[in-house]
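Coordinate inspection notes
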Amino acid sequence: MLEEVRRICLALPEVTERLSHGSPTWFVRDKRTFVSLMADGHHDTDFPQLWCAAPPGAQEELILADGDRFFRPPYVGHRGWLGVRLDGEVDWAEIAELCEDAFNTVAPKTLRTSR
């Protein structure tokens, strides 16, 4: 799981990885967080999860569409971030899209990718 998220995130321009609050986290230009992986869960949740920045409205839309898989994460959910459960069948192409959207949400315009 970590290797796949790492491969996805580090393929984006000027991305670095380091631990933040004990979890692997990816940053744009070593400053702006866009994805964190909690492979062993977070506090009172014991399922693997990914937290990622999301474009405006995406959090609400995805939670409404599939509330069993998507959730509003603590601490950053009020800023529109999205939580994704990784304890079932993981669609890595979808995770790659979510990570790229997260990157584009926080990256300067000059670095943003286009799909």
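Residues numbered from 1 in each chain as written. Predicted model: local features only at pLDDT ≥ 70, side-chain atom pairs only at ≥ 80, totals over all residues. Heavy atoms only, no water.

So, about the packing of helix H1 (residues 2–10) against helix H3 (residues 92–106). In a packed pair of helices, the relevant descriptors are the angle between the two axes and the axis-to-axis distance. Following both chains from N to C, one finds H1 and H3 inclined at 45°, their axes separated by 10 Å at the closest point. The angle between H1 and H3 places the two elements in the oblique class. Along this stretch, H1 crosses H3, giving a crossing that reads as right-handed. Across the interface between the two elements, Glu 4, Val 5, Ile 8 and Cys 9 from H1 touch Trp 92, Ile 95, Ala 96 and Cys 99 from H3. Residues belonging to the contact of H1 with H3 are distributed by class as follows: seven nonpolar, no polar and one charged. (Axes fitted to C-alpha atoms, helices over the stretch in contact; angles between N-to-C directions. Helix = DSSP H or I, 4+ residues; strand = E, 2+ residues; numbered from the N terminus. Parallel < 35°, antiparallel > 145°, perpendicular 65-115°, else oblique. Left-handed = near helix turned anticlockwise from the far one by under 90°. Contact = heavy atoms within 4.5 Å. Nonpolar A, V, L, I, M, F, W, Y, C, P; charged D, E, K, R; others polar.)

Quick look at unusual backbone geometry now. With phi around 60°, Asp 30 is a residue other than glycine that occupies positive phi space. One can find Asp 30 in the loop between strand S2 (23–28) and strand S3 (32–38). Its identity as a non-glycine residue notwithstanding, Tyr 75 has a phi of 70°, on the positive side. Along the chain, Tyr 75 falls in the loop between strand S5 (70–71) and strand S6 (82–85). Overall, the relative accessible area of 55% leaves Tyr 75 in the exposed class. (Buried < 20%, exposed > 50% of the residue type's maximum accessible area, 1.4 Å probe, protein only.)

Counting 34 residues, the largest nonpolar core has Trp 26, Phe 34, Val 35, Leu 50, Val 84, Ile 95 and Phe 103 as its most contacted members. Listed by contribution, the elements that provide at least two residues to this core are H1, S2, S3, strand S4 (49–52), S5, S6 and H3. The greatest single-element share of this core, amounting to six residues, is contributed by H3. With residues near it in sequence (within four places) discarded, Leu 50 still touches Val 5, Val 35, Ser 36, Leu 37, Leu 82, Gly 83, Val 84, Leu 86, Ile 95 and Cys 99. (Core = buried A, V, L, I, M, F, W, Y, C linked by side-chain atoms within 4.5 Å.)

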